[in-house]
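# Architecture at a glance
Now for the letters of each chain:
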Amino acid sequence: MLSDQQIQDLNQPLLSEHQLRFSYLTDMLARRSLDAQDVIRQLIDFQVAIPSWALGTGGTRFGRYPSGGEPRSLEEKIGDVTLLNRLNRSSNSISLHIPWDIPKDIPALQQQLQAEGLTIDSMNSNTFQDQKDQAYSYKFGSLSHTEKAVRQQAIQHNIECVEYGKQLGAKIHTVWLADGSNFPGQQHLRRAYQRTAEALASIYEAMPSDMTMLIEYKPYEPHFYSMVIPDWGTSYSLCQYLGENAQVLVDLGHHLPNTNIEQIVGRLLHFGRLGGFHFNGSMYGDDDLTTGSIKPYQLFLIFNELVDGAQDSAVTNAAVAYMIDASHNTKDPLEDLLQSVESILGAYAKALLVDRAALQEAQENNDVVRAEEILRDAFLTDVRPLVAEAYRQSGGALNPIAAYRAGQIREQLIQQRGKLSLSTGL
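Computed from a predicted model, the values in this text were never measured in an experiment.

### Remarks on the packing of aromatic side chains
Taken as a whole, this structure holds 18 aromatic pairs when the rule is applied. When the centroid spacing of 5.8 Å and the interplanar angle of 15° are considered together, the rings of Phe279 and Tyr322 count as stacked. With Phe279 in strand E9 (residues 274-279) and Tyr322 in strand E10 (residues 321-324), this residue pair connects regions lying 43 residues apart in the sequence. Using a relative accessible area of 0% as the deciding quantity, one classes Phe279 as buried. A ring pair is formed by Phe303 and Tyr322, whose centres lie 6.3 Å apart and whose planes are at 25°; its orientation type is stacked.

What follows is the structure, encoded as structure tokens:
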């Protein structure tokens, strides 16, 4: 839909202005003994998985407003991720949600993925809603349900996800539970936890040795009195119970207002249990807005902890899996995802500019103002030329959104798939 040559042609009129801004920033960083090219190499290496369910317009319980041209099959979803990755070269994997993305022809999918240079990042199970012809309902829980038959149904669904993952080369199995209660006394809190732990153990035992289980937490919604896995501590305790291949997944929207998420990140890195991120933006709760659109400083502080941990030899945390988890009601989904990736790369670049030695010295000397100023200085640096140069050097577009619009991609998708096409699974 957009060839490499077309992308380079779109870059051409932007090069002069880009080189001017990039040269200025490179010189300024060099004065601070920072190598711009070293930052760019790390940006090029950084990849963010695209979730299959974010490729169509989301909605609210009041309505949904499709943008048209939405992917109608898993193959078309892979095609959309291919397009995104061609534009920014930073999204070379896709996360699948079962049963929304049940593969029908695995050899053909493997061939498509290989041809497009993509991989399957993770498999995500779904026991938060009932499916057609499902034998038992999850109204009162899935892995925590009081009835063994319901729990076994949920366990089997997760094992099926693991099997699909094995066939498609996914190394991650993600579990998010909507299990909880709405009223005091509705659920025995300790027994619900124990049933969940035992059910997760059955799934864990079915995983191959090179697969990681990510356990996601959420303090509220869909239940508002209690959630079985409401916080990182509960997720961490379940990981400890299961084994070394179980890790905590942090969703930026899954916290109570004003939670210090960067501190949670630091704790999990210390324990070696930080497995992955679901990036999004939040104003009030689990809003699933564009990453960095509401709290860009918090996003930077989170990356500050991630970079600090990566540069600390005492931290033994395994590689962290990064993915976007967003819902788009008013934006073109693909434009929103391009925005999110750029915000993530920008926060990462700023964190790479932090003077670690000076920050540690300020912290050890309890110089509060100096420590804060070091972080503020990095955050206020305009790193957009670094991100754009990373795009360019890896073969992408200097301005992915502008290239997307210039190529009239949405219009082409509507022509191919129809104005009323709806993405599967939403």
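On we go from here.
### Considering the packing of helix H10 (residues 296-310) against helix H11 (residues 333-352)
With their axes 8 Å apart at the nearest point, H10 and H11 run at an angle of 55° to one another. By the angle class used here, H10 and H11 are oblique. Seen along the crossing, H10 lies across H11 with a hand that is right-handed. In contact with Leu299, Phe300, Phe303, Asn304 and Val307 of H10, H11 contributes Ser343, Ile344, Ala347, Tyr348, Lys350, Ala351 and Leu352. When its residues are assigned to classes, the contact of H10 with H11 shows nine nonpolar, two polar and one charged.

### Some thoughts on the pairing of strand E3 (residues 119-124)
The buried fraction of E3 is high, at five of six residues. The sheet contact formed by strand E2 (residues 93-97) and E3 spans five bridges and is parallel. Pairing of His97 across the sheet is with Asn124, part of E3. A crossover links E2 with its parallel partner E3, the connecting element being helix H5 (residues 106-116), and its sense is right-handed. Summarising the sheet, E3 and strand E4 (residues 172-175) pair through two bridges and their orientation is parallel. Bridging across to E4, Asn124 finds its partner in Thr174.

### Observations concerning the nonpolar core
Grouped together as the largest cluster of nonpolar side chains are 112 residues, with contacts concentrated most on Phe277, Phe303 and Leu386. Considering each element in turn, this core owes the most residues, eleven residues, to H11.

### Describing H11
The end-to-end C-alpha distance of H11, which contains 20 residues, comes to 29 Å, matching closely the 28 Å that a straight helix rising 1.5 Å per residue would cover. Of all 20 residues making up H11, 17 are buried, and the element is well covered by its neighbours. A distance of 2.9 Å separates the backbone nitrogen of Leu334 from a side-chain oxygen at the start of H11, and that oxygen is part of Asp332.

Reading the values: rules and limits
Residues numbered from 1 in each chain as written. Predicted model: local features only at pLDDT ≥ 70, side-chain atom pairs only at ≥ 80, totals over all residues. Heavy atoms only, no water. Phe/Tyr/Trp six-rings, centres within 6.5 Å; stacked < 30°, edge-to-face > 60°. Helix = DSSP H or I, 4+ residues; strand = E, 2+ residues; numbered from the N terminus. Buried < 20%, exposed > 50% of the residue type's maximum accessible area, 1.4 Å probe, protein only. Axes fitted to C-alpha atoms, helices over the stretch in contact; angles between N-to-C directions. Parallel < 35°, antiparallel > 145°, perpendicular 65-115°, else oblique. Left-handed = near helix turned anticlockwise from the far one by under 90°. Contact = heavy atoms within 4.5 Å. Nonpolar A, V, L, I, M, F, W, Y, C, P; charged D, E, K, R; others polar. Pairing = 2+ DSSP bridges. Right-handed = clockwise from strand over helix to strand, strands pointing away. Core = buried A, V, L, I, M, F, W, Y, C linked by side-chain atoms within 4.5 Å. Expected span 1.5 Å × (residues − 1). Polar contact = N/O pair within 3.5 Å; in protein donor to acceptor, adjacent residues only side chain to side chain.

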